[in-house]
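# Chain and residue survey
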Amino acid sequence: MVETIEGIVIKASDYQEKSKIIQVFTKEHGLIGIYLKGGNHYKSKTFALAQPISHAFFNILYTKGLSSCFVGEMIHSFRSLKIDFHKNIYIYHLFELIYKNIEQHQSIPYLYDLILNIMKEINDTDNTKKTKIMTLFFELKLLYFIGVAPILSHCVECGDQENIANFDISKGGFVCNQCIDDKSGHYSIESLKFLYQLFHQEFTSLQYEIDEKIITELRDLVTNYYAYHLNMKTNSSKYFDCS
Ligand SMILES: [Zn+2]
């Protein structure tokens, strides 16, 4: 059945001479693969739609395998995200996390709306701090949706809610002053508080006037958490220090 879906292109690869296979994060069906006829030919109407970061409507023949598309309509090309190296480091980092961690055909409207809102914000801002915080926010929400969220309501070992002393990557959450050991992290109390806030906040109430040291500590924490629990580090993350 042919249907119109809304999606964000997160990955594209050449297919035959003039077409592309694109991975699209869609509102309706989650992450799906689409054969896009003409997507690799600059004179084709689908050429612009095939570019990663494009947000568009696609008329597709949906299947549980590879869907196919012959026509679509651009909603937002996100030009600034495509041409700005510092911006697309973060966007490609998030796209890679989506591609590698979300199962195909699993619709997650919350994450779809969130990535789209983040793309709009990063497209329109030059505030790097804001970009970094929104990226951390998405990463924490993604951990929640794939079922490996850190424990931030109590000590992971004993359940104590009062005497939180630090965060332990391998144990997967906060540890109290009785359970902390030499493998636990040495994050500042301000960073632990901000981590707790970020995890529980809504996107619209995010605060961006945060000390750079806190952002750096949380970047380290989240990167190590993904590496330890999901065995993953994105290709884009090696450029974080350049931004
Ligand atoms: Zn404890």
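Unusually for a residue other than glycine, F78 sits at a positive phi of about 50°. One can find F78 in the loop between β5 (67-76) and α1 (79-83). Of note in the backbone geometry, N231 takes a positive phi value of approximately 55° without being a glycine. By the element assignment, N231 lies in the segment after α6 (212-230).

Partitioning the chain into structural domains gives domain 1 (2-77) and domain 2 (80-242). Once you take the C-alpha centre of each, domain 1 and domain 2 turn out to be 29 Å apart. Listed as interface residues are 27 residues of domain 1 and, on the opposing side, 22 residues of domain 2. Roughly 2000 Å² of surface becomes buried between domain 1 and domain 2 when both sides are summed, with 67% attributable to carbon and sulfur atoms. Taken as a group, F25, L31 and I53 account for 35% of the area that domain 1 buries against domain 2, more than any other trio of residues on that side. When the shortest N-O distance is used, the salt bridge between K27 and D113 registers 3.3 Å. Linking domain 1 with domain 2 are ten residue pairs in polar contact (both at pLDDT 80 or more), by the criterion used here. Among the secondary structure elements, those contributing two or more residues to the side of domain 1 that touches domain 2 are β1 (2-15), β2 (19-26) and β3 (30-36). Looking at side-chain class alone, the side of domain 1 that touches domain 2 contains nine nonpolar, 13 polar and five charged residues.

If you walk around this closed barrel you meet the five strands as β1-β2-β3-β5-β4, and the pairing is mixed. Along the sheet, successive strands turn relative to each other by an average axial angle of 50°, direction set aside. Pairing of β3 with β5 involves three bridges; the strand directions are parallel. Residue pairing in the sheet places L36 in a bridge with C69 of β5. Sheet strands touched by helix α2 (residues 85-101): β1, β2 and β3. Its angle to β1, the strand with the most contacts, is close to 105°.

Criteria and cut-off values
Residues numbered from 1 in each chain as written. Predicted model: local features only at pLDDT ≥ 70, side-chain atom pairs only at ≥ 80, totals over all residues. Heavy atoms only, no water. Helix = DSSP H or I, 4+ residues; strand = E, 2+ residues; numbered from the N terminus. Domains from an automatic or database assignment. Contact = heavy atoms within 4.5 Å. Buried area = accessible area lost by both parts, 1.4 Å probe. Salt bridge = Lys/Arg side-chain N within 4 Å of Asp/Glu carboxyl O. Polar contact = N/O pair within 3.5 Å; in protein donor to acceptor, adjacent residues only side chain to side chain. Nonpolar A, V, L, I, M, F, W, Y, C, P; charged D, E, K, R; others polar. Pairing = 2+ DSSP bridges. Axes fitted to C-alpha atoms, helices over the stretch in contact; angles between N-to-C directions.

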